[in-house]
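A look at the structure
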Number of protein chains: 2
Amino acid sequence: MERKIAIQGIQGSFHHLVAQQYYREDVPVLECMSFAELTKSLVNGNASEGVMAIENSIAGSILPNYALIDENKLQVVGEHYIPIDMNLMVLPGQKLEDIKKVYSHPMALLQCKEFFKQYPHIKLIEDADTAEVARRIAEKESHKIAAVASKAAAKLFGLDILAESIHTKKSNATRFLIISTKKKEPNGDIIDKASLKFELESKRGSLVSVLNILRDFNLDMTKIQSMPIIESPWKYSFFIDVTFDNYEEFLKAVGILEVMTEQLTILGTYKNSLI
Amino acid sequence: MERKIAIQGIQGSFHHLVAQQYYREDVPVLECMSFAELTKSLVNGNASEGVMAIENSIAGSILPNYALIDENKLQVVGEHYIPIDMNLMVLPGQKLEDIKKVYSHPMALLQCKEFFKQYPHIKLIEDADTAEVARRIAEKESHKIAAVASKAAAKLFGLDILAESIHTKKSNATRFLIISTKKKEPNGDIIDKASLKFELESKRGSLVSVLNILRDFNLDMTKIQSMPIIESPWKYSFFIDVTFDNYEEFLKAVGILEVMTEQLTILGTYKNSLI
């Protein structure tokens, strides 16, 4: 199969930027207009790996994406962090007071909420991709409409930036996962991080016992999130990320967790990229 | 101050339904078009308490709402769960094939994603409130446009339901918090749940030590979520909910957590409503 990386959105999107940085080259990309389409392209073999946003410091985890990884039996094989930089862009000549509507990805609109509070006459409209709106404005020569996207998108589609870095939280990193149909094993590559999912009865202390095992095997937890399982009251799923120095110790801990927890799934093992 | 409950959205919205169920009467409500406006109305004394969605089983927590509670020094004084039931509604006479656009709250659109996959020609547009779209369609007698909202909203504004219960996850409960400027103390009322926020260095085992304290004082954890603090690498904030039988034991545990953690905030103490 030809090497092709599935991204959410089009060229110029934040996912495209992550693909370029992670693979350290201008890799060929497959543009997908939803996360569901992205996972489907991997399952169907139309792309070799995919880039998928998973969490940021404002909205937390994009939990539906974990479900997509899980349901499609995909594997996390890497991660990448980028600071998000949102910019308001228009067709050259348009001014801020001309703008009636802004289209962008819901997450981008959320990140720029404070900025738009100053302009209550501007209507915010959810769209599939930040860069795609920029392209549409350029192609259709749309007036009175603005996009919220990366500087790269403004450059790529010849738009003017009316306001730079309009996102509220200035140190706002977004974490992306690299996903694949194939598992990553430590043959030559560094593997020092893993994403796990499991279920537990909410017996007092059951989670403590799990965390004690992680500590005993020198695993550091970098993320934990519980989700109630509505169908089974008093049962919870947990999403946990751990980092470690010794892959063998990680495997031993997993062996014990398989007995202690229910429905244990290793979503992937990969190289930690947060230094 | 006159008793008035701030809700996100208008009458007929899911927040309105929660207010009616929680207060067990048709309480006067103050309609707010955003969560920020809702918290502001409490701070300004325009409402005595507020109803605020905080998490559901698809998207997880609405973390920005925790930030609003924290920044405005508000207190959680109660909680309420309702199963969400989403319905596609239109002006009487309109048919499914006439629909070009659907407006609704982003969370509602997310919950009905699968349904709309069958109708790729329908454009999904983010709006401030589910019920408000229904009202607008009725008032403007809009053709080709549908709302996704509760059956109560369809009835209230005289719309026809084209498709019932179109949300993907059929057992999809949403949790709402009741918030106030005043703390709830256990004088007569049952207090058996609390929401806490604190920060920890990611030293191996630091979270385990905290969870051991919770166990020692017979606190059951019903929710845990970590959030990386971008400004301080290797430091995390945690949002934790605990239930307990003995308020005195809870206070003792808090006393210890004040020493063990940083920036401990009790977001509120209240009555557990998940039986």
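Please read these numbers as outputs of a predicted model, since none were measured by experiment.

The rules behind these values
- Residues numbered from 1 in each chain as written.
- Chains lettered and ligands numbered in written order.
- Predicted model: local features only at pLDDT ≥ 70, side-chain atom pairs only at ≥ 80, totals over all residues.
- Heavy atoms only, no water.
- Helix = DSSP H or I, 4+ residues; strand = E, 2+ residues; numbered from the N terminus.
- Rg over C-alpha atoms; globule rule 2.2 N^0.38 Å.
- Buried < 20%, exposed > 50% of the residue type's maximum accessible area, 1.4 Å probe, protein only.
- Contact = heavy atoms within 4.5 Å.
- Areas by Shrake-Rupley, 256 points an atom, 1.4 Å probe, with all protein chains shown as cover.
- Pairing = 2+ DSSP bridges.
- Axes fitted to C-alpha atoms, helices over the stretch in contact; angles between N-to-C directions.
- Parallel < 35°, antiparallel > 145°, perpendicular 65-115°, else oblique.
- Nonpolar A, V, L, I, M, F, W, Y, C, P; charged D, E, K, R; others polar.
- Salt bridge = Lys/Arg side-chain N within 4 Å of Asp/Glu carboxyl O.
- Phe/Tyr/Trp six-rings, centres within 6.5 Å; stacked < 30°, edge-to-face > 60°.
- Lys NZ or Arg CZ within 6 Å of the ring centre and 35° of its normal.

Notes on the overall build of chain A
A count of helices and strands for chain A gives nine helices and 15 strands. Since a compact globule built from 275 residues should have a radius of gyration of about 19 Å, the 21 Å found for chain A is in line with a globular shape. With respect to the three principal axes, the spread of C-alpha positions in chain A is 65 × 45 × 35 Å. Out of the 275 residues in chain A, the part that is buried amounts to 56%. For chain A, contacts bridging at least 24 residues in sequence account for 73% of all contacts bridging at least 6. When the accessible surface of chain A is totalled, it reaches about 11,800 Å², and 51% of it is carbon and sulfur.

Some points on the pairing of strand E1 (residues 5-8) of chain A
Residue and element names in this part refer to chain A. Both faces of E1 are covered, namely the face carrying Ile5 and Ile7 and the face carrying Ala6 and Gln8. As paired elements, E1 and strand E3 (residues 49-56) share three bridges and run parallel to each other. Along E3, the bridge assignment pairs Ala6 with Gly50.

Examining the pairing of strand E6 (residues 87-90) of chain A
Along a regular strand, successive side chains alternate from one face of the sheet to the other. Residues and elements named next belong to chain A. Residues of E6 alternate between two faces, with Asn87 and Met89 on one and Leu88 and Val90 on the opposite face, all of them buried. Looking at chain direction, E6 and strand E10 (residues 160-163) are connected through three bridges and run antiparallel. The residue bridging Met89 from the neighbouring strand is Ile161, located in E10.

Examining the packing of helix H8 (residues 206-216) of chain B against helix H9 (residues 247-260) of chain B
In a pair of packed helices, the angle between the axes and the distance between the axes together describe the arrangement. All names here are of chain B. In the contact formed by H8 and H9, the axes pass within 10 Å of each other and the chain directions differ by 170°. With respect to each other, H8 and H9 are oriented roughly antiparallel. When H8 is examined against H9, the residues Ser209, Val210, Ile213 and Leu214 are found in contact with a partner set consisting of Ala253, Ile256, Leu257 and Met260. Its residues assigned to classes, the contact of H8 with H9 shows seven nonpolar, one polar and no charged.

Structural notes on unusual backbone geometry
Despite not being glycine, A:Ser165 has its phi angle at roughly 45°, a positive value. With respect to the helices and strands, the residue A:Ser165 is situated in the loop between E10 and strand E11 (173-180).

Thoughts on the pattern of salt bridges
Residues and elements named next belong to chain B. For the structure shown, the criterion picks out 28 salt bridges over all chains. Lys151 serves as the salt-bridge partner of Asp85, at 2.6 Å between the closest nitrogen and oxygen. On the criterion of sequence distance, the pair formed by Asp85 in the loop between strand E5 (75-83) and strand E6 (87-90) and Lys151 in helix H7 (residues 151-157) is long-range, its members being 66 residues apart. Judged by relative accessible area, which is 21%, Asp85 ranks as partly exposed.

Details of H8(B)
For H8(B), the buried fraction is high: eight of the eleven residues fall into the buried class. Positive phi appears at B:Asn218, one or two residues downstream of H8(B), with a value of about 60°.

Comments concerning the packing of aromatic side chains
Any two aromatic rings considered together are summarised by their centre-to-centre distance and by the angle between their planes. Taken as a whole, this structure holds 16 aromatic pairs over all chains when the rule is applied. Considering the side-chain rings of A:Phe115 and A:Tyr119, the 5.3 Å spacing of their centres and the 50° angle between planes classify their relative orientation as tilted. Neither A:Phe115 nor A:Tyr119 differs from the other in exposure class; each is buried. Judged by centre distance (5.9 Å) and plane angle (40°), the rings of A:Tyr247 and A:Phe250 are tilted. Separated by three residues within a single helix, A:Tyr247 and A:Phe250 lie in helix H9 (residues 247-260), roughly one turn from each other. One aromatic cluster is present, formed by A:Phe115, A:Phe116 and A:Tyr119 through successive ring pairs. In this structure, B:Arg136 packs its charged tip against the face of B:Tyr103, placed 5.6 Å from the ring centre.

Digging into the sheet that holds strand E8 (residues 123-126) of chain A
Picture the strands of a sheet paired through backbone hydrogen bonds; they go either parallel or antiparallel. All names here are of chain A. An order of E8-E7-E9-E6-E10 is seen for the five strands of this open sheet, with the pairing classed as mixed. Whereas interior strands pair on both sides, the edge strands pair on one side only; in this sheet they are E8 and E10. Taking the axes of each pair of neighbouring strands and ignoring which way they run, one obtains an average angle of 35° across the sheet. In the packing of helix H6 (residues 130-140) onto the sheet, contacts are made with E6, strand E7 (101-104) and strand E9 (145-149), and the angle to E9 comes to roughly 145°.

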